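# Coordinate analysis (summary)
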Amino acid sequence: MTREKIEETGRKRLNRLLPPLGQRIVKTSVAVFLCLLYYWLRGYRGIKMNTEAGITAIICMQPYLHDTRDFALSRMTGTLIGSFWGLLLLLVLLAAPGLENHLFLVYTLMGLGVLASLYSSVLLRRADASGLAAIVFLCIVIAFPEIEEPLRQAGDRIFGVMLGTGIAIGVNVFRLPRSKNRNDVFFVRTRDLAPDRFSQIPSAALYRLNYLCKDGARICLMSEHAPAFFTLQMSQTVFSVPLIVMGGAAIYDLNEQTYLYTENIRPQDSLRLREYLEHMGLSYFIYTVHSHRTCIFHSGDMREEERVIFNRMKRSPYRDYLDEGDFPAEEIVYLKIIGTDKETARWLEQLQSFLHSRHLRGVIRQEAGTKSISALYIYSAKASIKQAESKVMELLRKEDPALRPVEVFLDRPYENEHDAMHLLHRLGDLYEPLCLPWKKEQKASK
């Protein structure tokens, strides 16, 4: 194992054990400290210490300033609504002597107060603040009848929210010193940004991805499919690094819309493979690259499972579906056979020894948007994500030999848009880590 490989493995293990210290974590801690410092200087101690401002700062602190403003507005709205109804109910309860002996009626009024807080938020078109409004209302009235100075209690709560909001926005505006790892090439799977090729990458994730690319981050996206996924969704993104597509069988320059490299199936192997599939009675799609275009042919009678996928895929203007005709055998990148999950598993088992003898490999993937339909992809044995990563690094190191690869993957399958944002925030922290004093000392010692 080379020294570079050992260092890369060590970095991956260290990142898993000790993830980078994110800017949001640091800023949130600073904001809470400033809130506590303010009340400490005012003489608050122990049980009397106000926590409202600190809690608000934690909730409002978001990765982006505009998100912090949105959370702050929601927090303020919910607090004002809940405080209004809570103060109003307290004044009513305190104005009616003897209610402390009729707690069933008191709690009924509290329930109606929760209803009023929730509905007021909806009426004001701030449904996102409804839950908070109800919580604030309940916090104000729940201690009845052991309540003194209701006006002060409501006022302290409102002031605490305003203080926490102001400190959160102020701290978020301040940008901590950061360095930029411009020698890192970040490899990211598209399946960690969207569940499948027919799904949209969340707009917030696209915004973050564009920001990182414009700032100079070298990001290589990797897809199991043809470049149409990128062409549809990322026409406005300028990548400084080519993309890995077709499960590692090709490298594609999205800016120039050209293929830089393809790992094709050898002509003699593709010919024998097609004969073997026809002998098995299977129809299949043939994916070729001709003049930097993805051209797709079909061989055999189209089965129902194939037609479902074909009718969906042919709508794309970025894929050329053609009748089977003459095409150079050396342009075949891979073959795709569609069937039920049980069928594709059986076909792969039957083909294993043949594929091995012809230096080919088979991979089964579930077809998006279908039930129990999958596809068997057959590539050259040399076509793989790892091989493509090495090819990308080889191309890039011709201009900058100091570049190093960094893989940024989700630890579990993609579930929702929060996973995409989590991944890109982690990538941002790796690309632009905090410039901490002890890290400077480490670099100087090197």
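As the structure is a prediction and not an experimental result, all values here were calculated from the model.

### Digging into the overall build of the protein
From N to C terminus, the protein includes 15 helices and 12 strands. In the protein, which comprises 446 residues, the share counted as buried stands at 47%. By sequence separation, contacts in the protein at least 24 residues apart represent 69% of the contacts at least 6 residues apart.

### A closer look at helix α2 (residues 23-41)
With 19 residues, α2 should reach 27 Å at 1.5 Å per residue; the first-to-last C-alpha distance of 27 Å fits that figure. Every buried residue belonging to α2 is among Gln-23, Lys-27, Thr-28, Ala-31, Val-32, Cys-35 and Tyr-39, and all of these are buried. Along the long axis of α2, the arc covered by the buried residues comes to 160 degrees, so they all point the same way. Set apart from the buried face of α2 by more than 90 degrees, the exposed residues are Ile-25, Phe-33 and Leu-41.

### A closer look at the pairing of strand β7 (residues 293-299)
Of all 7 residues making up β7, 6 are buried, and the element is well covered by its neighbours. As paired strands, strand β6 (residues 284-290) and β7 are joined by 7 bridges and run antiparallel to one another. Note on β7: the bridge partner recorded for Val-289 is Thr-294. Hairpin connection, β6 to β7: the antiparallel pair is bridged by 2 residues, and Ser-291 has positive phi, about 50 degrees.

### Considerations on the packing of aromatic side chains
By the definition in use, this model includes 11 aromatic pairs. Aromatic pair Tyr-38 and Phe-159: ring centres 6.0 Å apart, planes at 45 degrees, arrangement tilted. Separated by 121 residues along the polypeptide, Tyr-38 in helix α2 and Phe-159 in helix α7 (residues 150-173) bring together distant segments of the chain. Exposure remark for Phe-159: the relative accessible area of 35% places this residue in the partly exposed category.

### Re the pattern of salt bridges
Here the idea is simple: oppositely charged side chains can pair when their charged atoms come close. Considering all chains together, one arrives at 15 salt bridges under this definition. Glu-343 serves as the salt-bridge partner of Arg-303, at 2.9 Å between the closest nitrogen and oxygen. A residue pair is termed long-range when its members are at least 10 positions apart, and Arg-303 in the loop between β7 and α11 (304-313) and Glu-343 in helix α12 (residues 341-357) qualify at 40 residues. Under the relative-accessibility criterion, Glu-343 is labelled buried at 18%. Each of Arg-191, Glu-224 and Arg-365 takes part in one network of salt bridges that share partners.

### Overview of α12
Relative to the 24 Å expected for 17 residues at 1.5 Å per residue, α12 spans 25 Å between its end C-alpha atoms, a close match to the ideal helical length. The sharpest bend along α12 measures roughly 50 degrees and falls at Leu-351. Those residues of α12 lying buried are Glu-343, Thr-344, Trp-347, Leu-348, Leu-351, Phe-354 and Leu-355. Contacts from the buried residues of α12 go to α10 (267-279), α11, β9 (332-340), β10 (360-366) and β11 (373-380).

### Some words on the nonpolar core
Grouped together as the largest cluster of nonpolar side chains are 52 residues, with contacts concentrated most on Ile-219, Leu-221, Met-234 and Met-246. The dominant element in this core, judged by the number of residues it contributes, is helix α14 (residues 417-431), at 7 residues. Once you skip the residues sitting within four places of it in the chain, Leu-221 turns out to touch Val-188, Thr-190, Leu-193, Leu-209, Phe-230, Met-234, Phe-239, Leu-243 and Ile-244. Residues Leu-282, Phe-327, Leu-335 and Ile-337 belong to the second largest nonpolar core, which totals 20 residues.

### Points about the packing of helix α5 (residues 103-123) against helix α6 (residues 130-141)
Running from N to C, α5 and α6 point in directions that differ by 150 degrees, and their axes come no closer than 8 Å. Between α5 and α6, the angle is such that the two are roughly antiparallel. Crossing hand, α5 versus α6: right-handed. Mapping the contact onto sequence places Met-110, Gly-113, Val-114, Ser-117, Leu-118 and Ser-121 in α5 and Ser-130, Gly-131, Ala-133, Ala-134, Phe-137, Leu-138 and Val-141 in α6. When grouped by side-chain class, the residues that make up the contact of α5 with α6 number 8 nonpolar, 5 polar and no charged.

### Remarks on the confidence of the model for the protein
Considering every residue of the protein, the mean pLDDT works out to 83; 86% of them sit at 70 or more. Across the protein, the element-wise mean pLDDT spans from 43 in helix α15 (residues 437-445) up to 96 in strand β1 (residues 184-189). This model gives residues 438-446 a pLDDT under 50, and the stretch forms 4 contacts once residues within four places in sequence are excluded.

### Some details on the packing of helix α8 (residues 203-214) against α14
Helix-helix packing: each pair is described by the crossing angle between the helix axes and the interaxial distance. The geometry of α8 relative to α14 is characterised by a closest axis approach of 9 Å and an angle of 15 degrees between their N-to-C directions. Considered as vectors, α8 and α14 are oriented roughly parallel to each other. You can see that α8 and α14 cross each other, and the crossing is left-handed. Listed contacts from α14 to Ala-204, Ala-205, Arg-208, Leu-209 and Leu-212 of α8 are Ala-420, Met-421, Leu-424, His-425, Leu-427, Gly-428 and Tyr-431. Here the residues of the contact of α8 with α14 are counted per class, giving 9 nonpolar, 2 polar and 1 charged.

Analysis parameters
- Residues numbered from 1 in each chain as written.
- Predicted model: local features only at pLDDT ≥ 70, side-chain atom pairs only at ≥ 80, totals over all residues.
- Heavy atoms only, no water.
- Helix = DSSP H or I, 4+ residues; strand = E, 2+ residues; numbered from the N terminus.
- Buried < 20%, exposed > 50% of the residue type's maximum accessible area, 1.4 Å probe, protein only.
- Contact = heavy atoms within 4.5 Å.
- Expected span 1.5 Å × (residues − 1).
- Arc of directions from axis to C-beta.
- Pairing = 2+ DSSP bridges.
- Phe/Tyr/Trp six-rings, centres within 6.5 Å; stacked < 30°, edge-to-face > 60°.
- Salt bridge = Lys/Arg side-chain N within 4 Å of Asp/Glu carboxyl O.
- Bend = angle between axes of the 7 residues up to and from the residue.
- Core = buried A, V, L, I, M, F, W, Y, C linked by side-chain atoms within 4.5 Å.
- Axes fitted to C-alpha atoms, helices over the stretch in contact; angles between N-to-C directions.
- Parallel < 35°, antiparallel > 145°, perpendicular 65-115°, else oblique.
- Left-handed = near helix turned anticlockwise from the far one by under 90°.
- Nonpolar A, V, L, I, M, F, W, Y, C, P; charged D, E, K, R; others polar.
- pLDDT = per-residue confidence, 0-100.

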